[in-house]
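Architecture at a glance
Here's the letter readout for the chains.
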Amino acid sequence: MILTDYYRLERLAEFLMNRTPRFDCKASTGEYPTFEDIARKSRVKRFFCYYNGLPNSFSENAKNKAERCITNTNSISSVFIPSLDKQQLGYGDVKGTQDALLFVFSPDYSSMEIFVARGYKNNQKRLFNLLYDNELVEEMHILRNRAVNQVNSK
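Criteria and thresholds
Residues numbered from 1 in each chain as written. Predicted model: local features only at pLDDT ≥ 70, side-chain atom pairs only at ≥ 80, totals over all residues. Heavy atoms only, no water. Salt bridge = Lys/Arg side-chain N within 4 Å of Asp/Glu carboxyl O. Buried < 20%, exposed > 50% of the residue type's maximum accessible area, 1.4 Å probe, protein only. Phe/Tyr/Trp six-rings, centres within 6.5 Å; stacked < 30°, edge-to-face > 60°. Helix = DSSP H or I, 4+ residues; strand = E, 2+ residues; numbered from the N terminus. Lys NZ or Arg CZ within 6 Å of the ring centre and 35° of its normal. Pairing = 2+ DSSP bridges. Arc of directions from axis to C-beta. Contact = heavy atoms within 4.5 Å.

So, about the pattern of salt bridges. Taken as a whole and assessed by the stated rule, the structure comprises eight salt bridges. Ionic pairing is found between Arg-8 and Glu-10, a salt bridge with its closest N-O pair at 3.3 Å. Of the residues examined, Arg-8 reaches a relative accessible area of 27% and is grouped as partly exposed. The class for Glu-10 is partly exposed, based on a relative accessible area of 24%.

All told, the structure shown has 14 aromatic pairs when counted by the stated rule. Relative to Phe-35, the ring of Tyr-7 has its centre 5.0 Å away and its plane inclined at 80°; by these criteria the two rings are edge-to-face. Here Tyr-7 is found in strand 1 (residues 5-10), whereas its partner Phe-35 is found in helix 1 (residues 33-41), with 28 residues between them in sequence. Like Tyr-7, the residue Phe-35 is buried in the burial classification. By the ring-pair criterion, three or more aromatic residues cluster together here, those being Phe-23, Tyr-51, Phe-103, Phe-105 and Tyr-109. A cation over an aromatic ring shows up here: Arg-68 above the ring of Tyr-51, its NZ or CZ 4.8 Å from the ring centre. Sitting over the face of the ring of Tyr-132, Lys-86 holds its NZ or CZ atom 4.5 Å from the ring centroid.

What follows concerns the pairing of strand 8 (residues 111-117). The buried count for strand 8 comes to seven of seven residues, which makes it a mostly enclosed element. Every second residue of strand 8 is oriented toward a common face, with Ser-111, Glu-113, Phe-115 and Ala-117 on one face and Met-112, Ile-114 and Val-116 on the other, all of them buried. Of the pairings in the sheet, the one linking strand 1 to strand 8 comprises six bridges and is antiparallel in character. In the strand pairing of strand 8, Leu-9 is matched with Met-112. One ladder, built from six bridges, connects strand 7 (residues 100-105) with strand 8; its direction is antiparallel. Within strand 8, the position partnered with Leu-101 by the bridge is Val-116. Here strand 7 folds back onto strand 8 in antiparallel fashion, the turn holding five residues, of which Tyr-109 has a positive phi close to 60°.

What follows concerns helix 3 (residues 124-132). For helix 3, every residue scored as buried is listed here: Gln-124, Leu-127, Phe-128 and Leu-131. Down the axis of helix 3, the sector holding all buried residues measures 100°, keeping them to one side. For helix 3, exposure combined with an orientation more than 90 degrees from the buried face picks out Lys-125 and Arg-126. Turning to helix 3, the residues buried within the fold contact strand 6 (89-93), strand 7, strand 8 and helix 4 (137-146). Of the residues flanking the end of helix 3, it is Asn-134, one or two places downstream, whose phi is positive at about 60°.

Structure follows, in structure tokens:
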């Protein structure tokens, strides 16, 4: 399997008024060290991130290519959305690792799914193409079924 980890995040009612959309983990496979470390350090004891515009600290090259980014105090990943006909699909990589991310957003952007492909940072565009062509559906289904609801979620 290419995809190794899964996180389903939703915008919770108590954070809907935030200027920057906050997404909290509702279900996950719970094994990706970077996200689990963020969860351990958070007050709510679950992974969460903000879906932002691009900060000024990003290079001009990144600003020209990325649509958005996900952050939690620090940048986690740029989010690239290369297709106009499937705007709910994106890709990125986890800063400081060799891991790629695939993003699947709900049509109203109230939820996001993050699929991790450990060690695939240098193949993230190819992974996106597999996602776009529905060639990862089976792997995604397996990870979704392995996901456990977060006990601390509201």
